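# Survey of secondary and tertiary structure
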Amino acid sequence: MTSQAASLPVDCRQVGVRYGHTQALDRATFQVEPGQVYALLGRNGSGKTSLVRCLLGHQRPTAGRVELFGQDVWSSRQALMHRVGVVAEEPDAPPLMTTRQLVRFCGGLYPTWDQVGVDQRLQRFRIPMDLPFGRLSRGQKGQVALALALGPKPALLVLDDPTLGLDAVARREVYDELLGELGERGTTVLLTTHDLAGIEGLADRIGILHQGRLLVDASLEDLKARHRKVSWAPTQAVDPRDLAPFAPLWSRAGSLGGEAILTQGDPSQVPGLQAHPLSLEELFVALVGSDSEVAS
Amino acid sequence: MSILAVTRREWTGRRNVLLLALGIGVIQLLGLYFDPNPVTTQDKASFMGVFSGTMLAWVIALLFGATMVSRDLEERRFGFLLNQPLHPAQIFLGKVMAGLGLALVAGLLASLPSVLLSGLWRQLGLKDVGSILGVGLAGSLVLLLFFHAVSIQVRSRSLWLLLDLAAWAGFFLGVRWLSLRLIDTGAFPDMVHLWGGLLVGVTLGLGIAGYLQVAQGRADLQRGHHWVSVTMALTLGLVLLAGWADVAWVLKHRPPAAKAPPARVQIR
């Protein structure tokens, strides 16, 4: 193992998970560098949850190896969890414990626990400290989970869809908190999410899982540089076949005109085409949308 | 300290059980107070206090064992503990200690009012108290571990259940066969020893199976069931083998005078 690999916060190699005859995850390989924000995207059932469970040592992969900070996560889970903060997809704290009791419980387990930071965060989120966790709103549960995950000043933060079910304000608060944490401490973050717009200004690198396979593992900048979105008006005589030299990833044409996402070349030489900025959501839909829409 | 943190976490929200136990204790006390025949009060206190306290402790241990891990797994809450820097042994022992502690305190709360106020405590020596507590706690431990294993086996809904059923059926048939061999020779004390030994062995196996379910199964209920099934099948087989060796030894080394009379002089 090289020293660089040893220092990698996340190193997944050929990770596979199988449930009976179903291959939930197929040879997923990716790394997350220190200080990086890695967003793992995918539709429901794409294998994200299985991958996160393997990453946290909850589940043993049927193939491959998952390492955090150079240590095998299955065999060294306890030691590694001192350096990892987790926000689960479904808030999983005991429903009858109050926030105060949860803070006391978690605080006693970590030598690096930042009590002042946790109290400040919970105050900022306006969380009632003596209400049982099960009686908090969905958004408040997520905020408590985030405050607890940041409590031990983790070197790696794993967020499994932290904004699921949150309203716009609560979502913004979660992202602001994350940005603050990243700005202050440069924590490495691995997050799964369906909120593609929310992470566009946050993620450094994107992984896209589809049907258990990691289709994309690239920096957001690279992805946007490699793909161009173009459209044409109905009055323009653009034949989608004219786009073939640009290796379209996805295209759609109709009575209202057409649009396409191209993967190579400079389409400005084609008359009638207009270039547009490409959003992560458009790219995601083009990559993992229904098969009939995917051109390649 | 981490074990105690897990124990405290398990106690949170289950304190109502203690109120229930106290209520049972008070009801018994009222029963004794309004007793029309006070001569038998101490006997009733003995039965109602000690018996019902022990029964309550065992019921609580049973229910706690049946839910302590499997319900967390089914409701996807077990990840909360796995996401903390806790060793599987700390998680499992913390939960077992919480169950035993809850059973013990509830049993005491249910029995103490009638035992203390009826004056029964004056007749109880330290040895009696030790025996009552020992039986109560040992029974609670067996029930807690057994129903933990059963709850994992039932809730995982996997085919490993067939191995469980086969192992337990084989075990009970084996115990019956060994017991009959001892009964045929009149070796009743040895049968009690055999059963005691088997119970200790099975309890040890249940403890190991419970730990492995947490350590190797983690958030995967079916994988945990696999470990419980394999461990219990091995344990039951080994315990039965030890029991067979014990019975063989007893039958071989029993003094001739203690052996059963020959068939021709047996009273028909």
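Residues numbered from 1 in each chain as written. Chains lettered and ligands numbered in written order. Predicted model: local features only at pLDDT ≥ 70, side-chain atom pairs only at ≥ 80, totals over all residues. Heavy atoms only, no water.

## Comments concerning the interface of chain A and chain B
Contacts between the two partners involve 25 residues from chain A and, on the opposite side, 26 residues from chain B. Summing both sides of the interface, chain A and chain B together bury roughly 2,400 Å²; the carbon and sulfur share of this comes to 56%. The tally of links from chain A across to chain B stands at 0 salt bridges. Put simply, chain A and chain B have 10 residue pairs in polar contact (both at pLDDT 80 or more) between them. Looking at the side of chain A that touches chain B, the elements that each hand over two or more residues are helix 3 (77–80) and helix 4 (99–107) of chain A. For the side of chain A that touches chain B, the element with the highest residue contribution is helix 4 of chain A, accounting for 4 residues. (Contact = heavy atoms within 4.5 Å. Buried area = accessible area lost by both parts, 1.4 Å probe. Salt bridge = Lys/Arg side-chain N within 4 Å of Asp/Glu carboxyl O. Polar contact = N/O pair within 3.5 Å; in protein donor to acceptor, adjacent residues only side chain to side chain. Helix = DSSP H or I, 4+ residues; strand = E, 2+ residues; numbered from the N terminus.)

## Some thoughts on helix 7 (residues 168–185) of chain A
All names here are of chain A. In a regular helix each residue adds 1.5 Å, so 18 residues correspond to 26 Å; helix 7 covers 26 Å between its end C-alpha atoms and thus fits that length. Listed in full, the buried residues belonging to helix 7 are Ala170, Glu173, Val174, Tyr175, Glu177, Leu178, Glu181 and Leu182. Against the buried residues of helix 7 lie strand 3 (37–42), helix 5 (115–124), helix 6 (138–150), strand 7 (156–160), strand 8 (188–192) and helix 8 (196–199). The first or second residue beyond helix 7 is Gly186, which carries a positive phi of 65°. (Expected span 1.5 Å × (residues − 1). Buried < 20%, exposed > 50% of the residue type's maximum accessible area, 1.4 Å probe, protein only.)

## So, the state of the cysteines
All names here are of chain A. Evaluation of the coordinates by the stated rule reveals 0 disulfides over all chains. Not part of a disulfide, Cys54 finds its nearest cysteine sulfur in Cys12, a span of 8.1 Å. Here Cys54 falls in the buried class, since its relative accessible area comes to 1%. (Disulfide = S-S within 2.5 Å.)

## Digging into the packing of helix 2 (residues 16–33) of chain B against helix 6 (residues 88–117) of chain B
Residue and element names in this part refer to chain B. In the contact formed by helix 2 and helix 6, the axes pass within 8 Å of each other and the chain directions differ by 20°. In this view, helix 2 runs roughly parallel relative to helix 6, as classed from their interaxial angle. Like other packed secondary-structure pairs, helix 2 and helix 6 cross with a definite hand, here right-handed. Contacts from Val17, Leu18, Ala21, Leu22, Ile24, Gly25, Gln28, Leu29 and Leu32 in helix 2 reach Leu102, Val105, Ala106, Leu109, Ala110, Pro113, Ser114 and Leu117 in helix 6. (Axes fitted to C-alpha atoms, helices over the stretch in contact; angles between N-to-C directions. Parallel < 35°, antiparallel > 145°, perpendicular 65-115°, else oblique. Left-handed = near helix turned anticlockwise from the far one by under 90°.)

## So, the confidence of the model for chain A
For chain A, per-residue confidence averages 88 on the pLDDT scale, and residues scoring 70 or more make up 96% of the total. In this model residues 292–296 of chain A is a low-confidence stretch, pLDDT under 50, and it forms 13 contacts with partners more than four residues away in sequence or in other chains. (pLDDT = per-residue confidence, 0-100.)

## A look at the packing of aromatic side chains
Residues and elements named next belong to chain B. Enumeration over the complete set of coordinates arrives at 8 aromatic pairs over all chains. Residues Phe146 and Trp168 carry aromatic rings whose centres are separated by 5.5 Å and whose planes lie at 85° to one another, so their mutual orientation is edge-to-face. Separated by 22 residues along the polypeptide, Phe146 in helix 7 (residues 126–156) and Trp168 in helix 8 (residues 160–184) bring together distant segments of the chain. Taking relative accessible area as the criterion, Phe146 reaches 27% and is therefore assigned partly exposed. A residue is classified by how much of its surface remains accessible, and Trp168, at 16% relative accessible area, is buried. Look at Trp168 and Phe171: their rings are 6.0 Å apart centre to centre, the planes differ by 90°, and that puts the pair in the edge-to-face class. With Trp168 and Phe171 both in helix 8 and 3 residues apart, this pair spans about one turn of that helix. (Phe/Tyr/Trp six-rings, centres within 6.5 Å; stacked < 30°, edge-to-face > 60°.)

## Side note on the pattern of salt bridges
Within the structure shown, the criterion is met by 24 salt bridges over all chains. Ionic contacts of the salt-bridge type, sharing partners, join the residues A:Asp11, A:Arg13, A:Arg65, A:Glu67 and A:Asp72 into one network.

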